[in-house]
Amino acid sequence: MSTAIPWSVKPHPVTGIPNAKLGIWLFLASEVMLFGALFSSYILIRTGSEQWPMGRTILNIPLATLNTVILITSSVTMVMAWASLKMNQFGKFKLFQTLTILLALGFMVVKAFEYGGKLHHYEVTLVEGSEAADKAGALKITGHIDHATAGNGGAITSWIRSRDDLHDGKISFVADPPAGSHEHPAAIELAAEDMERLTFFGPHRDTFFAVYFTLTGLHGIHVLGGIVVLLYFLLPGSRMWRTDPERFTGRIECTGLYWHFVDLVWIFLFPTLYLL
Amino acid sequence: MSDHPPPAPAEAAVMPHGAEEVRAHLKIYLAVFFALGVLTAITVGIAYLDLPSKNLAIAAAMVIALVKGSLVALYFMHLIKEARVIYWSLALCVVFFAALMALPVLTSMEHL
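Residues numbered from 1 in each chain as written. Chains lettered and ligands numbered in written order. Predicted model: local features only at pLDDT ≥ 70, side-chain atom pairs only at ≥ 80, totals over all residues.

Here we come to the overall build of chain B. Assigned secondary structure in chain B consists of three helices and zero strands. Mapped from its N terminus to its C terminus, chain B presents α and β elements in the order α-α-α. Looking at chain B as a whole, 15% of its 112 residues are labelled buried. (Helix = DSSP H or I, 4+ residues; strand = E, 2+ residues; numbered from the N terminus. Buried ≥ 20, exposed ≤ 12 C-beta atoms within 10 Å, placed from the backbone.)

Okay, structure coming up:
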């Protein structure tokens, strides 16, 4: 008795397409619902908020634009990988599949820089009437913790979770330059008692960042999953080309459909989250 | 017993992509790539234009995203020429997606 799944290569007489292709499309339909639910929640949260920041005033647009270009390019290399198999050019398939993986990894590296920038960016809420607040001329200042003057040989982590993480109960803080200027103000010393709240721009910070990390994080997990599948079909999975090329080509087509979907989600995430 | 002939195989209606057909599509893929790049530049450009109306900025960004998404779906995902069963599955998906997008509107209604 054959254990092969029927109609995984040849079109099913009822649907007109192989079962594998119908399967991946139904999976993608469920993915539309997953992201759709999150987009819907985002709209509800945003329209229901009294104020909502413009993404481009907080997020790194050059990095996000670079990632858009990277993902679009990876979609082209993906479709070229599939087209190469259809044209019986296995060598070219390997080239385009490798390029797709490299671009996907590039996307994740850029994303790591983008996330890193947020997780090492702080907002300090100063105690009203404190000397530091008078000096700063504001109760809230954003900026970075200065490693060079942090003391303790720079061993202080910029991931400050509690007052116990502060070296000698204080931090050296470099405020962000004023809008339109690129010159960083000099570092100021802030004692624990001067600070009411010290928080980094993580998902816990506010609703905007909760939405930002949820949506981009889920998308990033999809990119990671795609990398695993792409790698499998580049390396061990590609052996099937020698024994059953038609079936292998079908698998790459399904992989491509998933990958283009990941690109498609980003096409909507980029303007709604970063630009508007 | 029926005398009707068996239905024609459905694959006849959906041409599998042959090598020649794929070769002819390569230029289209590159054209779509170029269009996606240009549309990305326009999206970013419009965002920095500071359009007078926020609704206009949202509409412009959404229209461009829809065009970009359609290009990806139609050409890279080959939806421009696909089996009917996929169109129907996606049509159902679109209905439920539209319902999801309408949910925030429903919450702001006083009554139905």
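So that's the structure; there's more coming.
Structurally, A35(B) can be placed in helix α1 (residues 19-49). Residues A35(B) and V95(B), 60 residues apart in the sequence, show an inter-C-alpha distance of 28 Å.

All right, on to the interface of chain B and chain A then. Contacts between the two partners involve 43 residues from chain B, matched on the other side by 41 residues from chain A. Elements represented by at least two residues in the side of chain B that touches chain A include exactly α1, α2 (54-76) and α3 (84-107) of chain B. A per-class count over the side of chain B that touches chain A returns 31 nonpolar, eight polar and four charged. (Contact = placed C-beta atoms within 7 Å. Nonpolar A, V, L, I, M, F, W, Y, C, P; charged D, E, K, R; others polar.)

All names here are of chain B. With 24 residues, α3 ought to run about 34 Å at 1.5 Å a step, and its terminal C-alpha atoms sit 35 Å apart, in line with that. At M101, α3 shows its strongest bend, of approximately 30°, with the proline P104 following within four residues. Burial analysis of α3 places just one of its 24 residues in the buried class, which makes it a mostly uncovered element. (Expected span 1.5 Å × (residues − 1). Bend = angle between axes of the 7 residues up to and from the residue.)

Soluble globular proteins tend to pack their nonpolar side chains together in the buried interior. In this structure, V79(A), A81(A), W82(A), V265(A), W266(A) and F270(A) are the most contacted members of the largest nonpolar core, which totals 60 residues. When contributions to this core are tallied by element, the ones reaching two or more residues are α1 (19-48), α3 (61-86), α4 (90-119), α6 (207-234) and α8 (245-275) of chain A together with α1 and α2 of chain B. For this core, the element with the most residues is α8(A), which contributes 16 residues. Beyond its immediate chain neighbours, meaning those up to four positions away, F270(A) contacts A64(A), T68(A) and L275(A). One finds V124(A), A133(A), F173(A) and M195(A) within the second-largest nonpolar core, a separate group that totals 11 residues. (Core = buried A, V, L, I, M, F, W, Y, C linked by C-beta atoms within 7 Å.)

Let's shift gears to the confidence of the model for chain B. Residue and element names in this part refer to chain B. Confidence in the prediction for chain B averages 84 pLDDT; 82% of positions are at 70 or higher. Confidence drops under pLDDT 50 across residues 1-16; counting only partners more than four residues distant or on other chains, this segment forms 13 contacts. Quick note on the complex model: pTM equals 0.88, ipTM equals 0.86. (pLDDT = per-residue confidence, 0-100.)

Right, let's get into the packing of α3(A) against α4(A). All names here are of chain A. Two elements in contact, α3 and α4, have axes separated by 8 Å at closest approach and are oriented at 165°. Classified by the angle their axes make, α3 and α4 are roughly antiparallel. The two elements α3 and α4 meet at a crossing, and its hand is left-handed. Classifying every residue of the contact of α3 with α4 gives 16 nonpolar, eight polar and three charged. (Axes fitted to C-alpha atoms, helices over the stretch in contact; angles between N-to-C directions. Parallel < 35°, antiparallel > 145°, perpendicular 65-115°, else oblique. Left-handed = near helix turned anticlockwise from the far one by under 90°.)

Below, the discussion takes up the packing of α1(A) against α8(A). Residue and element names in this part refer to chain A. Running from amino to carboxyl end, α1 crosses α8 at an angle of 15°, the nearest separation of the two axes being 10 Å. Judged by the angle between their axes, α1 and α8 are roughly parallel. In terms of crossing hand, the pair formed by α1 and α8 is right-handed. Residues A20, K21, I24, L28, E31 and F35 of α1 form the contact with α8, whose participating residues are G250, E253, C254, L257, Y258, F261 and V265. Split into classes, the residues belonging to the contact of α1 with α8 amount to nine nonpolar, one polar and three charged.

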